[in-house]
Every structure is written in structure tokens, then in C-alpha cells.
Amino acid sequence: MSTVTAYAAPSATEPLTRTTIARRDVGPRDVAFDIHFCGICHSDIHTVRDEWGRARYPVVPGHEIAGVVTEVGAEVTKYRVGDRVGVGCFVDSCRECAQCRAGDEQYCAKGMVGTYNAVGRDGEPTQGGYSGAIVVDENYVLRIPDSLPLEAAAPLLCAGITLYSPLRHWDAGPDTRVAVVGLGGLGHMGVKLAHAMGAHVTVLSQSLKKMEDGLRLGADEYYATSDPETFSKLTGSFDLILNTVSANLDMGSYLGLLALDGTLVELGMPENPMAVPAGALVFGRRRLAGSLMGGIAETQEMLDFCAEHGVQPEIEVIAPEYINEAYERVLASDVRYRFVIDAASLRS
Ligand code: NAP
Ligand code: ZN
Ligand code: ZN
């Protein structure tokens, strides 16, 4: 076992503080790597504040992890010391069920093992990337293409794949009218990726404050959802709506923006249930769907796509001491567009 420095939440109401955690010894199929950068996802905040009711304290969040390999187990074939690698939202799954075999490990029938706030196959709690180093089975490690800086690659491992996967699943392309609801960490990746896939992209944000950014990121149109006219004007306009909002929305209003046979994909995971008026689905044969991150192979495909198309997140790199303040800013929608922790001071 080794000891690494980390930032942990001791409870739902206390700030994250510096601490130490144990990492397992490197097993035959394990890759150990130094963490260079870790993104802050809104899911980290939902988890540490126990908004999903399943937090296990102390919890070290962080599932947008990028770094450099320091050690590999004897049977590791995919990675070598010095490789640039990443880990996203899960670090294991059963490997046997239909989903695992199909490369949809995130939907593992037995439940994937989350990168943090879960229990690993060894029975130990998993702890995430707000830390100096991590040990992960090679099959759950991603390769970061050379042209992607590590700090830019980190947010791709959750925010990037969470938008890439539904865009691919629902065949976004030049003939698709895509709306992205919420221009935060996930949303801004949705705009960039949908634009790179050739779709017609509309941002639906609470206000027009970030309009200039949205258009620069690749949006064709931008509307404020605080303006009731937005909803009358855009009725029936979209084939695909990707909802990234972390709070409850009036689902009926948003479903009404879908064209015939359109799909609203719920990506945000607000604390409380949302009411869905049946008529909003029935009239227009509309669909309401959900989507969770992406599988390992698809995540690698996404990283390679981003490298090829020059798609990178807009980030603000912070020191670990700033994590609690960064959380407040995320909650105030004051993030452009992902905080990324520089883990240098957490490495031994
Ligand atoms: P984020 O950076 O905070 O972005 C959320 C955006 O939602 C904000 O920037 C804001 O955009 C909008 N918003 C926030 N509060 C709102 C409100 N009360 N009403 C309307 N709009 C509001 O968060 P994130 O990291 O992108 O994560 C977003 C959500 O996705 C979270 O719930 C997270 O847990 C979830 N998530 C899901 C998956 C998955 O696999 N499905 C993966 C990662 C995260 P504007 O300022 O533009 O309005
Ligand atoms: Zn996330
Ligand atoms: Zn499985």
C-alpha cells in the first residue's frame, strides 16, 4: 500500500480538506499513475453534499483524471511507464454481462465501480482524483493523445464523453438540429462536439450573459430560457435536446421544443424528481431518454476524435486550496467552463 495526499469531504456540510489516503499495491494488471490534473464535475458536488443520498465519508471526489504512468503490473500489456493516461467515472465492472461485453460497461448489470464513493472488487472504498496518484486496472485506463494537453484532456473524461455518447447514439450530424440546455461544464462540451459533428447547434441558457462565448464555441443560435418568448418561438424546432442542467426544469416546456419524433436526453441529475406532462410526449410522438457517460472504447474514440478535430474544453486551472471556492462558483453558474485542479502540490 502507498499513501497519497488528497482533498476529502469529511461530511455533507464541511469543506473539503487536505488529508492522506491509501492506494493499493500495484497488482499484475494494474497501472499506477501520478495525477497531474483533475476536473471538477457538478456530480462531485452532488455527491459530497449527499444530494443523491448515498455518500460514504470521507469521500475524495474527482473522476476527470489525467496523468503519467509511474508503474505497471507484470501482466499489463497496454501501457508503459511514462505514458499519458486518464481515468473517467468508473474503474471496474463485472466484465461478463451483456453490457460489459458490448463495451457499455457504464451500464454493467452488476453495477460499475465508480471512481469514488463506491466499493472496489477488493472490498475497499474507491477514492477519486483530487489526489496525487491512483492505481487502476489497465482495462479501465484511457490513452491521452499526444496533441491533447493533460489539463485539457481531464474534463473530456466525464464532461466530454457524457455529451459525445448521446450525440453518437442519436446520430447527430449535418441534418440534426441539436439544442444544448445549460452552458456549464457538460453543456459547453456539447456545443463543441455537436458543432464538430456538423450539427446545427442552439444553446438554451438561463440568460444571454454567455452568448458571445456560446457562439464562439460553435453554437449557431443562442436563446435565454428566462424569456418566455424563447419557448413560443422555438416550439417544435429540435431533433435532439441534450439537457445538462443540474437543477429541476419545467420538462413540459422543453419537450414542447422537440420536433415530431424528437428526443430529449436527460443528462443532468438534479436532486429531486421532475414532473413530465404526458401530453408533451404524446403530441409529437416525442421521446424522453437518459444517458450515462460512455463505455471505455467509446471514451477512447472520443479522446481520439477531440485530438483529430481540435476539440478541447475551456478551463480554469486552480490550486487544490481553491476547491471549496470553486464549488461555490459552480453552484452560482459562474464557471467558464470547467475548473481543473493542478495536482502538483498533491504529488509526493
Ligand atoms: P455545471 O457546470 O454546473 O453546469 C450546469 C449548467 O446548468 C449551469 O452552467 C447553468 O447553465 C445551468 N443551470 C444551473 N442551475 C440552473 C437552474 N436552476 N435553472 C436552469 N439552469 C440552470 O454542471 P456540469 O458539471 O455540467 O453537470 C451538469 C449536471 O449533469 C449535473 O447534475 C451532473 O451531476 C450531471 N452529470 C451527469 C452525467 C451523466 O452521465 N449523465 C455526467 C456528468 C454530470 P446556464 O448558466 O447556461 O443556464
Ligand atoms: Zn462527472
Ligand atoms: Zn457487467
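Residues numbered from 1 in each chain as written. Chains lettered and ligands numbered in written order. Predicted model: local features only at pLDDT ≥ 70, side-chain atom pairs only at ≥ 80, totals over all residues. Heavy atoms only, no water.

S.K.: How should the site of ligand 1 be read in this particular structure?
M.R.: Near ligand 1 there are 29 residues, and of these His42, Leu183, Ser205, Lys210 and Arg338 occur at the shortest range. At a separation of 2.8 Å, an oxygen atom of ligand 1 approaches a polar side-chain atom of serine 43. The protein chains hide 90% of the 910 Å² of surface that ligand 1 would expose on its own. Those elements giving two or more residues to the shell around ligand 1 turn out to be α1 (42-48) and α5 (185-196). It is α1 that provides the largest number of residues to the shell around ligand 1, a total of three residues. Class assignment for the residues of the shell around ligand 1 results in 13 nonpolar, 14 polar and two charged. There are two domains that each give the shell around ligand 1 at least three residues, and those are domain 1 (2-157 + 313-347) and domain 2 (160-290). (Near = heavy atom within 4 Å. Polar contact = N/O pair within 3.5 Å; in protein donor to acceptor, adjacent residues only side chain to side chain. Areas by Shrake-Rupley, 256 points an atom, 1.4 Å probe, with all protein chains shown as cover. Helix = DSSP H or I, 4+ residues; strand = E, 2+ residues; numbered from the N terminus. Nonpolar A, V, L, I, M, F, W, Y, C, P; charged D, E, K, R; others polar. Domains from an automatic or database assignment.)

S.K.: Would you mind showing me how to read unusual backbone geometry here?
M.R.: Phi is mostly negative for residues that are not glycine, and the peptide bonds are mostly trans. Between tyrosine 57 and proline 58 the backbone carries a cis peptide bond, its omega angle lying at -5°. Locating proline 58 in the fold gives a position in the loop between α1 and β4 (65-72). Cis geometry marks the peptide bond from arginine 336 to tyrosine 337, where omega comes out at -10°. With respect to the secondary-structure elements, tyrosine 337 resides in the loop between α11 (323-331) and β17 (338-342). Located in the positive-phi region is arginine 285, a residue other than glycine, with phi close to 45°. Mapped onto the secondary structure, arginine 285 falls in the loop between α9 (278-282) and β15 (287-290). Judged by relative accessible area, arginine 285 falls into the exposed class, the value being 56%. Of note in this structure, methionine 293 is not a glycine but carries a positive phi near 35°. (Buried < 20%, exposed > 50% of the residue type's maximum accessible area, 1.4 Å probe, protein only.)

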